[in-house]
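# An overview of the molecular structure
As a plain string of letters, each chain reads:
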Amino acid sequence: MDPSDQKHFAVVDYVVFAVLLAASMGIGLYYALSGGRQRTTQEFLMADRNMRCLPVSLSLIASFQSAVAIIGVPAEIYAHGTQYWFIGCAYLLGLFIPAHVFIPVFYRLRVTSAYQYLELRFSRAVRICGTLTFICQMVIYMGICVYTPAFALNAVTGFELWVSVLATGLVCTLYTTIGGLKAVIWTDVFQTVVMFAGQLVVIVVGVQKTGGVSEVWRKVWEGNRISGLDLNPDPTERHTFWTLGVGGVFLMLSLYGVNQTQVQRYLSARTEKEAVRSCYMAFPSLQLALALSCVMGLVMFARYCGENHSDKLGTAAGDAMVLYFVMDMLQGLPGLPGLFVACLFSAALSTISSAFNSLATVTMEDLIKPHFPAMTEARAILLSKALAMSYGLLCVAMAYFTHLMGDSVLQMALKIFGMIGGPILGLFSLGMFFPWANSTGAVAGLGAGLSVSFWVSIGTILNRSSGSSSLPALICSPRSFYMLIASLCSFSRPSGLKRFYSLSYMWYSAFNCFTVILIGLIVSFLTGRRDVTPGTVYPLLGKLLCFLPERLKKKLCCVTPLGQASYCLSLEERMSEFLAVMQLEQKKRTFSKKEVKFCI
């Protein structure tokens, strides 16, 4: 029986799927009614800064291990082989640098939003520019995250696509709005377990039905899907060790170093050590998630040998092959199709809820509170919840535009992070590593980075639409191999500006990051330096230039203390500190009311 004809869940599948949604809602309801009941912005947005490293680390994984990765990575491996697996090399530096550079700076400043750092380091204008850029990035990305699992549910069950989109967005919006960051993190933990379980079930059943591990290995080896180490330095090559292992580091830094979604999790940890430990604990779990997705793609290839059955699901998208494979493997096994769709929705809900909470945080802390400093706590928490709900509805609307794009969901997501996340990474790097950079240079650098980013992306789209057709995929037959050789012989490399537009999307983050830094430093040099707030610069240059005399290093402004400064304390902490000083001073002399009023 053709699996595409089996387009309806069994009752057990619906039960499994419903249990997932009910559990997610239950966790949100529990945290809405327990503890402080989300009555303060500190609890709603920062989980009272009281989380342990294990739930934080699993939440770090779930925040970006979305349905995009669960569907996109197997489709990538199926079509192009295991070269993408080398992005795992980037995870090491991509988590080590945030653990020892970004986390200490953010945590010791006691900020709520990562973009508060930009105001401390530069100015309020830079903070607002950074916040608006982040909001734009996450709203676009959320459109992809909402659409992907809804598309899967439609393909597997025949359930109406846009009803699925609304269900995904509304469930996620509700538990994020009522439960705050604690609900988001603990729901992430539950959904990560479901996500791994769903992938593992599909792999085990797929290997069994394909003939065992040895048969899978034989077919993927003969089908040339096991990629070696490609050291080609050409930056226009889509995937090589350099594009994935080096370009991927900058992509990881834009996600795990300066993205508010992840920074918010670091800052919710009890101590700085717990935050650093959570970053390290995320590494093996990320490698496991990548391995499961890649192995799933190999089992798919062993099953179909490169054939494309996505048209049987009524779509030409290559990502639909993953859904066809799941339907083929799991049909006749009640409950397991429901488990895989629950796996997709778990990944999607965890990513979407994380984004909703972080978007509400930056909007509240960076755009609203500075203009309304006297806002009461009750009104602030109500407004934060309204913002989370509003962003939920906006991201549902953005899902409509996702199906109009031509790329795979994985490539679309990584392009967004490179195009917009790269300039944001450059902005933070400019402030954190270059003490002589000023706010004028920061704004100019960010503007230049975003302009170049969109110029390249538009050029890429136009170049692709006027270019030649894509090469045929390798399949398990000699004839297809000879067709590929013939295509390669007739394929001409682009030159000039077209070659620039052919830059691999994995280099977008690095290219845009360095554009921001270069333009920012040049403009800062022309407009003059300003004083640097203590604790906002990581002494990277001081460590790299350790061979220079201390006097020369100070002249180059390479030595900056990284301790916790008093200006970053909360209002309550400042008042406590002030009263303690007053008590000491009263022993020496008596203050008049006028003097006390003046001191306050």
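Here the structure is a predicted model, which is why all the values come from computation and not from measurement.

### Structural notes on the overall build of the chain
- Counting its secondary structure elements, the chain contains 25 helices and zero strands.
- Every one of the 600 residues in the chain was classed for burial, and the buried ones make up 56%.
- A separation threshold of at least 6 residues defines the contact pool for the chain, and within that pool the share at least 24 residues apart is 85%.
- On the chain, roughly 25300 Å² of surface is accessible, and the fraction owed to carbon and sulfur atoms is 67%.

### Things to note about the environment of threonine 271
- Inspection of the secondary structure puts threonine 271 in the loop between helix 12 (260–267) and helix 13 (272–304).
- The class for threonine 271 is partly exposed, based on a relative accessible area of 38%.
- Along the sequence, threonine 271 and methionine 51 sit 220 residues apart, while their C-alpha atoms lie 8.9 Å from each other.

### Observations regarding helix 14 (residues 320–330)
- Of all eleven residues in helix 14, eleven are buried, a share of seventy percent or more.
- When we look at burial in helix 14, the residues that qualify are Ala320, Met321, Val322, Leu323, Tyr324, Phe325, Val326, Met327, Asp328, Met329 and Leu330.
- Within two residues after helix 14, glycine 332 carries a phi angle of roughly 85 degrees, on the positive side.

### Structural notes on helix 11 (residues 247–256)
- With ten of its ten residues buried, helix 11 lies for the most part within the structure.
- Here helix 11 has its buried residues at Gly247, Gly248, Val249, Phe250, Leu251, Met252, Leu253, Ser254, Leu255 and Tyr256.

### A look at a nonpolar patch on the surface
- A cluster of nonpolar residues, Leu166, Leu170, Leu174, Met389 and Leu393, forms a patch on the protein surface that exposes about 430 Å² of accessible area.
- Of all the secondary structure elements, the ones that give two or more residues to the nonpolar patch are helix 8 (161–210) and helix 16 (377–402).
- Here the nonpolar patch takes three residues from helix 8, the largest share from any one element.
- As for its position among the elements, leucine 174 is in helix 8.

### Some points on the confidence of the model for the chain
- Averaged over every residue, the pLDDT of the chain is 75; residues scoring 70 or more account for 72%.
- Ranking the elements of the chain by mean pLDDT puts helix 25 (residues 593–599) last, at 38, and helix 21 (residues 508–527) first, at 92.
- The low-confidence segment residues 477–491 (pLDDT under 50) makes nine contacts with residues lying over four places distant or belonging to another chain.
- Within the model, pLDDT remains below 50 along residues 564–579, and this stretch shows 20 contacts once partners closer than five positions in the same chain are excluded.

### Comments concerning the nonpolar core
- Residues Phe106, Phe428 and Met432 are the most contacted members of the largest nonpolar core, which totals 138 residues.
- When sequence neighbours within four positions are dropped, the list of residues in contact with phenylalanine 106 reads Val111, Ala114, Tyr117, Gly257, Val263, Leu267, Phe428 and Met432.
- Core analysis: the next-biggest nonpolar cluster, separate from the first, contains seven residues, Leu20, Leu153, Val194 and Val341 among them.

### Thoughts on the packing of helix 5 (residues 88–109) against helix 12
- As a packed pair, helix 5 and helix 12 sit with axes 10 Å apart at the nearest point and diverge in direction by 70 degrees. Judged by the angle between their axes, helix 5 and helix 12 are roughly perpendicular. Mapping the contact onto sequence places Pro98, Ile103, Phe106 and Tyr107 in helix 5 and Val263, Tyr266 and Leu267 in helix 12.
- Of the residues assigned to the contact of helix 5 with helix 12, the class counts are seven nonpolar, no polar and no charged.

### Remarks on the packing of aromatic side chains
- Taken as a whole, this structure holds 16 aromatic pairs when the rule is applied.
- Relative to tryptophan 242, the ring of phenylalanine 241 lies with its centre 5.2 Å away and its plane at 75 degrees, an arrangement referred to as edge-to-face.
- In this structure tryptophan 242 comes out as partly exposed when scored by relative accessible area, which is 34%.
- Ring pairs connect the aromatic residues Phe102, Phe106, Tyr115, Tyr117, Phe134, Phe428, Phe433 and Tyr538, which therefore count as one cluster.

### Some details on the environment of valine 216
- Among the secondary structure elements, valine 216 is positioned in helix 9 (residues 213–222).
- Distance from valine 216 to glycine 206, taken between C-alpha atoms, is 9.4 Å for residues ten residues apart in sequence.
- Sequence-distant contacts of valine 216, defined by excluding residues within four places in its chain, comprise Val207, Thr210, Leu298, Val299 and Ala302.

### Section: the pattern of salt bridges
- Scanning the model with the defined rule gives eleven salt bridges in all.
- The closest approach of N and O atoms between glutamate 119 and arginine 124, which form a salt bridge, is 3.3 Å.
- Since its relative accessible area comes to 25%, glutamate 119 is described here as partly exposed.
- One connected set of salt bridges, linked through shared partners, spans Glu119, Arg124, Arg127 and Asp366.

### Regarding the packing of helix 11 against helix 21
- Contact geometry for helix 11 and helix 21: axes closest at 7 Å, N-to-C directions at 70 degrees. For the element pair helix 11 / helix 21, the angle class is roughly perpendicular. On helix 21, the residues that touch Phe250, Leu251 and Ser254 of helix 11 are Ser509, Ala510 and Phe514.
- Tallied by class, residues from the contact of helix 11 with helix 21 come to four nonpolar, two polar and no charged.

### Remarks on unusual backbone geometry
- Notably, arginine 110 is not glycine yet its phi reads approximately 55 degrees, a positive angle.
- Residue placement: arginine 110 occurs in the loop between helix 5 and helix 6 (114–121).
- With relative accessibility at 30%, the residue arginine 110 sits in the partly exposed group.
- Here the phi dihedral of asparagine 224 falls at roughly 60 degrees; this positive angle occurs in a residue that is not glycine.
- Relative to the helices and strands, asparagine 224 resides in the loop between helix 9 and helix 10 (241–245).

Conventions and cut-offs
- Residues numbered from 1 in each chain as written.
- Predicted model: local features only at pLDDT ≥ 70, side-chain atom pairs only at ≥ 80, totals over all residues.
- Heavy atoms only, no water.
- Helix = DSSP H or I, 4+ residues; strand = E, 2+ residues; numbered from the N terminus.
- Buried < 20%, exposed > 50% of the residue type's maximum accessible area, 1.4 Å probe, protein only.
- Contact = heavy atoms within 4.5 Å.
- Areas by Shrake-Rupley, 256 points an atom, 1.4 Å probe, with all protein chains shown as cover.
- Patch = residues over 30% accessible without salt bridge, like charges linked within 9 Å, V, L, I, M, F, W, Y side chains within 5 Å.
- Salt bridge = Lys/Arg side-chain N within 4 Å of Asp/Glu carboxyl O.
- pLDDT = per-residue confidence, 0-100.
- Core = buried A, V, L, I, M, F, W, Y, C linked by side-chain atoms within 4.5 Å.
- Axes fitted to C-alpha atoms, helices over the stretch in contact; angles between N-to-C directions.
- Parallel < 35°, antiparallel > 145°, perpendicular 65-115°, else oblique.
- Nonpolar A, V, L, I, M, F, W, Y, C, P; charged D, E, K, R; others polar.
- Phe/Tyr/Trp six-rings, centres within 6.5 Å; stacked < 30°, edge-to-face > 60°.

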